[in-house]
Amino acid sequence: MEPFADQFMEFHPIHGVNVRLDHSGTQATRVESFANGVCFSKHPLKPGEIFLIEIVDKELGWCGHLRVGLTARDPRGLDVVPEYSIPDLTDLGNSWVFAITRNHNKVESAGVEGQEAGDRGQAGGQRLGRGEVEDEDHSSQPQSFFTESYLHIENVRIPKDKLVGRSRPGRYSHILDDLYKTNALPPTARRSRIGVLYVPKGRDMADMHIIINGEDMGPSAKGISASQPLFAVVDVFAATKCVRIVQVEYGFSSLQTLCRKAIQKHIIHRMAIEWLELPEALKHYCKYE
């Protein structure tokens, strides 16, 4: 796919009644209740362009987490922003929303293949994912901290340096917690990064993909019509209280990014960065950004 110019991502000024945006339009906070937190991207996404957000704050006492997806409905055309993305927005049609859970966000291949026969039905919009079912985590060992430079999905290539959220350690976590070394954040944790994009599939069709901390969860919705503008949907729901947009650079890497990559090639895990004679700001960038 041909590269495209970077677009500064912002939230749409039209959003749920309980949402407050910061002055830059890149951070959304739900100020009360657990609902009415639906937000949209300010502009439609381009094919292969990711709308990436980071969980900034959470609120205890609610059941459920962030929801993300796509909609072909221009926010300006809504009489009122739906209270919930699921089922209110999806019931309006032409919207596809995925409920993020602590575990089991990957699309099961059998389920996806079963959806292919109903691709036209998906064009009307639907709820996706496991919803609020929170089973035990049976996933394999956490992936290593240092990864490839790009995430490849079909013919789409996304710089991976911004896709992975970085956990902040506790006092002794570098000794006791392997997750600190590998940086494997749970999807619903603070600083976790979640993105949504669509990948062209044939003439005027596309698949929606959800990216969680640099890992593709698979085609969450198939057979979406790409002939219409598609806006990102972010529902700051329940236990998720505040999110911010992370800007992704598709062009040449910055000098700061190149320095980090050179350092990381020679490091086993993040704790080792502390032993290097580097400026504190660069150490921080290598460990957490």
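Structure's up top.
Residues numbered from 1 in each chain as written. Predicted model: local features only at pLDDT ≥ 70, side-chain atom pairs only at ≥ 80, totals over all residues. Heavy atoms only, no water.

(A) Representation of the environment of P82 in the model. Its location among the elements puts P82 in the loop between β5 (67-71) and α1 (85-91). On the basis of relative accessibility, which here comes to 8%, the residue P82 falls in the buried class. In sequence terms P82 and N36 are 46 residues apart; their C-alpha atoms lie 7.0 Å from each other. Once you skip the residues sitting within four places of it in the chain, P82 turns out to touch N36, V38, D88, L89 and L92. (Helix = DSSP H or I, 4+ residues; strand = E, 2+ residues; numbered from the N terminus. Buried < 20%, exposed > 50% of the residue type's maximum accessible area, 1.4 Å probe, protein only. Contact = heavy atoms within 4.5 Å.)

(B) Unusual backbone geometry, seen in detail. Cis geometry marks the peptide bond from I86 to P87, where omega comes out at 5°. By the element assignment, P87 lies in helix α1. A positive phi angle, close to 55°, is found at N94, a residue other than glycine. Relative to the helices and strands, N94 resides in the loop between α1 and β6 (95-99). Of note in the backbone geometry, D204 takes a positive phi value of approximately 55° without being a glycine. Within the element layout of this structure, D204 appears in the loop between β10 (193-200) and β11 (205-212). Note on D204: relative accessible area 41%, which makes it partly exposed.

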